[in-house]
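The chain contents come next:
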Amino acid sequence: MPPPRPDRPRRPRRPRLRRRTGRLTALLLLAATTLFPGASPATAAAPAPVPGELRPYNVDAVYSSGISSGGYMATQLHVAYSGTFSGSAAFASGPYDCAQNTLSTALNACMNTTQDLQLAKLEQTTRDRSARGLVDPVANLAGDPVYVFSGSGDATVKRPVADALADYYGRFGASVRYDRSSAAGHAWISPLGPNSCAVTQSPWINNCGLDAERDLLGHLLGSVAAPSAAPGGTLVQFDQNAYAPGGAAAISMGDKGFAYVPTSCSDGALCTLMVALHGCKQGYGYQGFGTQFVDKAYLNEYADTNDLIVLYPQAAATATLENPNGCWNWWGYLGDSAYAHHGGKQIEAVMAMVRALRGSPAPPAGDRVALASVDAQDGYVKAAADGSGATAGTLEDTYGLALGRGTDGKVNRALLSFDTSAIPAGNEVTRAYLTVSRSGGSGDPWASPAGNRLLADVRTGCFGTCAVEASDWSAAATVSGGARFAAFSSGTATSTDLSPEALAALDRRGTTQVRLRFESAPLSTAYLFVNRDTPVTLTVEYRQTVPAEE
């Protein structure tokens, strides 16, 4: 197993020396909340955001925390980049990659309990990804502090799901503190919460008569000084587009992000960085929600007295049904099949923010490239089962690319074009796979006949003229069945890896076409449509074989 990454030194978990500024006030406040635990601390108004940029500070350790979808993202960050993150805290969420790239699994296994979330499989997936370098070495997780919170009144993410999160981390030797002592609803728990403990309603910040922030920070940091009476640092509002190639909106993130920076950190003190992730419907741009999570999470007050910078990235709702509630990506929306590991679009955007605050250089150019199919050249063709009477399909814009047997009795095959000249030169292609998104359908073409397979044929260059034409239905492929897709009824799906022969067929100087088809013509009407709103993606991984020039 590879050694832990060198960029995250193991910190001894011991009390840290703090500045004395505001210390007396903080101690008095701690005494008051200890004597009267049901009382909310009286605080001054939260600081107004000040436009600015993320700049480097003297950061010695990084942690993640979040609620609901933000809790899932906090865990994804910790597991994917355990060489950077020293621990994590999650309210009302479940184990790493619980959704397995499927929305129905997210709903039925990772929120409700009507479906087995397959914890042993999630553990093995993590270990497999670690072995392949898709997440940092799992050895890093051993001994990491993890805080888990679940309220008995939470009917959104039910208690057994949070139990599984605690169990998951325990399998890797993490030090887990699990708080399940209250009747909290689905919410972030804070002394500043405007909601009573048991409710589940906006702004999803509840007061349960306890100081969860003291508990989670104490567990993560080893000790914690009492909070300040009011935040005295600066709330920096920055442009998230600078950290999201292609723009924040393209990955369901907002234009504005926030970072709370105490005066001590601005003055050069050795500081800790906490990445705090809101839940669904709690983002700054969601229906005027604004900075309620930033202001009421009760982290900024602790930040002042514990030399803690708090980064508040912001997810945003999509105009489509992909992510209408502005959740963080924990089930693979917008076709991002890498959402939970290295290369995940939101994960990499947040990591870029972390590096900006730490003054860390960007990592070397990635060892993978995701190629979207060329929409103008995509399409589908239909014919009788023997290939006769072939013609181009016409419903791509309305429903997507058709596959299987339609109501007209014709068998549909989809054609996709990729500019594989975009694979960086001087590198050996080691792996490639396709990602598609289901946009409709009827019946089960995988069961008609039983054991039917959805295959991907690969053609060096084009089957014909690159534009979709009737002859593409039966034109010869360079490699037939170079990959296949398992049955899926909703969401996105990733193919098996392209075979070695299919990898060799990728045209490094131009276009590669892929034809998706069922191995056997379905016996009756059974079809699906894919990628109505987003292109199919071909992800190619490679390693450098030619030394870079000095």
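Residues numbered from 1 in each chain as written. Predicted model: local features only at pLDDT ≥ 70, side-chain atom pairs only at ≥ 80, totals over all residues. Heavy atoms only, no water.

(A) Molecular detail of the pairing of strand β10 (residues 256–261). Taking burial as the measure, the six residues of β10 include five buried ones, the bulk of the element. Judged from the six bridges that link them, strand β9 (residues 234–239) and β10 form a sheet pairing that is antiparallel. Each bridged residue has a counterpart across the sheet, and for glutamine 237 the counterpart in β10 is phenylalanine 258. Two strands pair when backbone bridges link them, and β10 and strand β12 (residues 308–312) are joined in this way by three bridges, in the antiparallel orientation. Along β12, the bridge assignment pairs alanine 259 with leucine 311. (Buried < 20%, exposed > 50% of the residue type's maximum accessible area, 1.4 Å probe, protein only. Helix = DSSP H or I, 4+ residues; strand = E, 2+ residues; numbered from the N terminus. Pairing = 2+ DSSP bridges.)

(B) Structural view of the sheet that holds strand β3 (residues 85–91). With respect to topology, nine strands assemble into an open sheet ordered β1-β9-β10-β12-β11-β2-β3-β4-β5, the strand pairing being mixed. Two strands bound the open sheet, and with one partner strand each, they are β1 (50–51) and β5 (175–179). Sitting on the sheet, helix α5 (residues 159–170) is in contact with β3, β4 (145–149) and β5, with an inclination near 165 degrees to β5. Each of β2 (59–67), β3, β4, β5, β11 (271–277) and β12 is contacted by helix α6 (residues 212–221), which is oriented at about 160 degrees to β4, the strand it contacts most. (Contact = heavy atoms within 4.5 Å. Axes fitted to C-alpha atoms, helices over the stretch in contact; angles between N-to-C directions.)

(C) Highlighting the sheet that holds strand β7 (residues 195–196). The sheet built from three strands is open, its strands ordered β6-β8-β7 with parallel pairing. Whereas interior strands pair on both sides, the edge strands pair on one side only; in this sheet they are β6 (188–189) and β7. In terms of strand pairing, β6 meets strand β8 (residues 205–207) through two bridges, oriented parallel. The partner of tryptophan 188 across the bridge, within β8, is isoleucine 205.

(D) View of the state of the cysteines. As enumerated under the stated definition, the model contains five disulfides in all. The disulfide bridge from cysteine 197 ends at cysteine 208, spanning 2.1 Å between sulfur atoms. Since a negative S-S torsion denotes a left-handed disulfide, the cysteine 197-cysteine 208 link at about 90 degrees is right-handed. With a gap of 11 residues between them, cysteine 197 in the loop between β7 and β8 and cysteine 208 in the loop between β8 and α6 connect regions that are remote in the sequence. When sorted by exposure, cysteine 197 lands in the same class as cysteine 208, which is buried. Disulfide pairing is shown between cysteine 265 and cysteine 271; the S-S distance is 2.1 Å. Across the disulfide from cysteine 265 to cysteine 271, rotation about the S-S bond amounts to roughly -110 degrees, and the bridge is consequently left-handed. Grouping residues by exposure puts cysteine 265 and cysteine 271 together as buried. Numbered by position along the chain, the disulfide-linked cysteines of the chain connect as 1-2, 3-4, 5-6, 7-8, 9-10. (Disulfide = S-S within 2.5 Å.)

(E) Quick peek at α6. In terms of burial, α6 is largely enclosed, as nine of its 10 residues are buried. Along α6, the residues classified as buried are Ala212, Glu213, Asp215, Leu216, Leu217, Gly218, His219, Leu220 and Leu221. Near the N-terminus of α6, the side chain that reaches the backbone nitrogen of glutamate 213, with its oxygen 3.2 Å away, is that of aspartate 211. (Polar contact = N/O pair within 3.5 Å; in protein donor to acceptor, adjacent residues only side chain to side chain.)

(F) Looking closely at the pattern of salt bridges. Evaluated as defined, the whole model comprises 14 salt bridges. Ionic pairing is found between aspartate 97 and arginine 129, a salt bridge with its closest N-O pair at 2.9 Å. Here arginine 129 lies in helix α4 (residues 119–132) and aspartate 97 lies in the loop between β3 and α3 (103–108), a separation of 32 residues in the sequence. Here arginine 177 and aspartate 215 are joined by a salt bridge, their closest N and O atoms 3.8 Å apart. Here arginine 177, found in strand β5, pairs with aspartate 215, found in helix α6; they are 38 residues apart in sequence, far enough to count as distant. Given the relative accessible area of 36%, arginine 177 is considered partly exposed. On the basis of relative accessibility, which here comes to 14%, the residue aspartate 215 falls in the buried class. A single salt-bridge network, built from bridges that share partners, covers Glu123, Arg127, Asp167 and Arg171. (Salt bridge = Lys/Arg side-chain N within 4 Å of Asp/Glu carboxyl O.)

(G) Representation of the side chain of aspartate 179. For aspartate 179, the location among the structural elements is in strand β5. Despite its burial, aspartate 179 pairs with no opposite charge; the closest candidate is arginine 177, at 5.3 Å N-O. Leave out the neighbours within four places in its chain, and aspartate 179 touches Tyr147, Val148, Phe149, Ser150 and Asp215. (Lys, Arg positive; Asp, Glu negative; His and termini not counted.)

(H) Up close: the packing of helix α2 (residues 69–80) against α5. Contact geometry of α2 with α5 gives a least axis separation of 13 Å together with a crossing angle of 10 degrees. With respect to α5, the element α2 is oriented roughly parallel. In this structure, α2 contributes Tyr72, Thr75, His78 and Val79 to the contact, and α5 contributes Val161, Leu165, Tyr168 and Tyr169. Looking at the contact of α2 with α5, its residues break down into six nonpolar, two polar and no charged. (Parallel < 35°, antiparallel > 145°, perpendicular 65-115°, else oblique. Nonpolar A, V, L, I, M, F, W, Y, C, P; charged D, E, K, R; others polar.)

(I) Structural context of the side chain of asparagine 207. Checked against the element boundaries, asparagine 207 lands in strand β8. With relative accessibility at 16%, the residue asparagine 207 sits in the buried group. One polar contact links the side chain of asparagine 207 to the main-chain carbonyl oxygen of proline 191, over a distance of 3.2 Å. A polar contact is formed between the side chain of asparagine 207 and the backbone nitrogen of glycine 209, at a distance of 2.9 Å.

(J) Fine view of the nonpolar core. Membership of the largest hydrophobic core comes to 69 residues, with the highest contact counts inside it found for Leu54, Val275 and Leu311. Top contributing element to this core by residue count: helix α10 (residues 345–358), with eight residues. In contact with valine 275, other than residues within four places in its own chain, are Val62, Tyr63, Ser64, Ser65, Leu77, Phe85, Leu311, Pro313, Val350 and Val354. Grouped together as the second largest cluster of nonpolar side chains are 39 residues, Ala414, Val429, Tyr527 and Phe529 included. (Core = buried A, V, L, I, M, F, W, Y, C linked by side-chain atoms within 4.5 Å.)

(K) Highlighting the packing of aromatic side chains. In this structure the tally under the stated criterion is 18 aromatic pairs. Ring-pair connections join several aromatic residues into one group, and the members of that group are Phe91, Tyr147, Phe149, Trp188, Phe293 and Tyr312. Sitting above the plane of the tyrosine 81 ring, arginine 355 keeps its charged end 6.0 Å from the centroid. (Phe/Tyr/Trp six-rings, centres within 6.5 Å; stacked < 30°, edge-to-face > 60°. Lys NZ or Arg CZ within 6 Å of the ring centre and 35° of its normal.)

(L) Expanded view of the environment of proline 95. Examined against the element boundaries, proline 95 turns out to sit in the loop between β3 and α3. Under the relative-accessibility criterion, proline 95 is labelled buried at 0%. As for proline 95 and tyrosine 72, which are separated by 23 residues in sequence, their C-alpha atoms are 7.3 Å apart.

(M) Expanded view of the packing of α4 against α5. At a minimum axis separation of 10 Å, α4 and α5 run at an interaxial angle of 40 degrees. The angle between the axes of α4 and α5 places the two elements in the oblique class. For the element pair α4 and α5, the recorded crossing hand is right-handed. Taking contact as the criterion, the partners of Leu119, Leu122, Glu123 and Thr126 in α4 are, on α5, Ala164, Asp167 and Tyr168. Across the contact of α4 with α5, the residue classes tally to four nonpolar, one polar and two charged. (Left-handed = near helix turned anticlockwise from the far one by under 90°.)

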